[in-house]
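# Observations on chain architecture
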Amino acid sequence: MTAGAVHAAGASDDESERLARWKEIQTSIFGTRPIATTDSLVKVDAPVRALDASLVPITLTMPEKDRIAGVHLIIDDNPSPYAAHIAFGPGADAGEIKLRVRVNNYTNIHAVVETKDGQLFETTKFVKASGGCSAPMGMSDEEAMKGVGDMKMKFAESQAGGPVEATLMIRHPNFSGMQMNQVTREYTPARYINKVAVTRGDQTVLTLDGDISIASNPVINFALQPGGRGPIKVTASDNQNGRWEHSFTAPSATN
């Protein structure tokens, strides 16, 4: 899902350069589809200056959630800017989603929502960080791959009739292809989760298409519609044909 090559960016770039880069990325992903700016349909919460560029928390909030079909997350100055596309199914509460990403340079982060009638709207957040895509894991590649595909899911207490908040954790190093093995001094080949699908019973909750910008050992916070039935099934796959499935016991439908 790479958005195509863009010219090298830096912390010294001015707004006109950043705008030109965004227009290039926008065209590579969305073609000629118009995108309007919004301060109400989607909001991005991210640190102004990241404490750890390889683990930057992002919260996407969609206040008018019933209008939203999906959201695209684009990190303009990353080597592969198109970080993630999340499509919401009927089993999802689309009000909020959280995930952790790598940020490789001082950059604008764009969130583009698609409404159910096919319109696109975007908002922007500037984040100061550098080196997130090449930051080493701090362990050998073999250690990083231990338990790959293991999953956990936690549920927050929810009010009766309210959405059910879930946190999905997937064990996977999400190698970016830019990280140097500290023992061999060679670059570790890219291996990253590129698709996550969540269902509850016979309903789709969400699908996430990802790339190298998603942080290692992905953690995704999302919400389920209240009153759903059946187990929650998660299927994850990576770009090296790895595939894993896990089922979780859903909270009581009386929540």
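As a starting point, this report considers the structure included with it.

Here we take up helix α1 (residues 15-30). If you check α1, its first and last C-alpha atoms are 22 Å apart, about what 16 residues at 1.5 Å a residue would give, namely 22 Å. For α1, every residue scored as buried is listed here: R18, R21, W22, I25, Q26 and F30. Viewed end-on, α1 has its buried residues packed into an arc of 140°, placing them on one side of the element. The elements touched by buried residues of α1 are β1 (35-37), β4 (68-75), β7 (107-115) and β8 (120-127). Just downstream of α1, G31 is the residue with a positive phi angle, here 65°.

As a further point, take the sheet that holds strand β3 (residues 56-61). Read across the open sheet, the 6 strands follow the order β2-β3-β6-β13-β10-β9; overall the sheet is antiparallel. Unpaired on one side and paired on the other, β2 (43-45) and β9 (151-155) mark the two borders of the sheet. In this sheet, neighbouring strand axes are inclined to one another by 20° on average, regardless of whether the strands run parallel or antiparallel. Strand direction decides the pairing type here: strand β10 (residues 164-170) and strand β13 (residues 219-224), joined by 6 bridges, are antiparallel. Note on β13: the bridge partner recorded for V164 is L224.

What counts, and at which threshold
- Residues numbered from 1 in each chain as written.
- Predicted model: local features only at pLDDT ≥ 70, side-chain atom pairs only at ≥ 80, totals over all residues.
- Heavy atoms only, no water.
- Helix = DSSP H or I, 4+ residues; strand = E, 2+ residues; numbered from the N terminus.
- Expected span 1.5 Å × (residues − 1).
- Buried < 20%, exposed > 50% of the residue type's maximum accessible area, 1.4 Å probe, protein only.
- Arc of directions from axis to C-beta.
- Contact = heavy atoms within 4.5 Å.
- Pairing = 2+ DSSP bridges.
- Axes fitted to C-alpha atoms, helices over the stretch in contact; angles between N-to-C directions.

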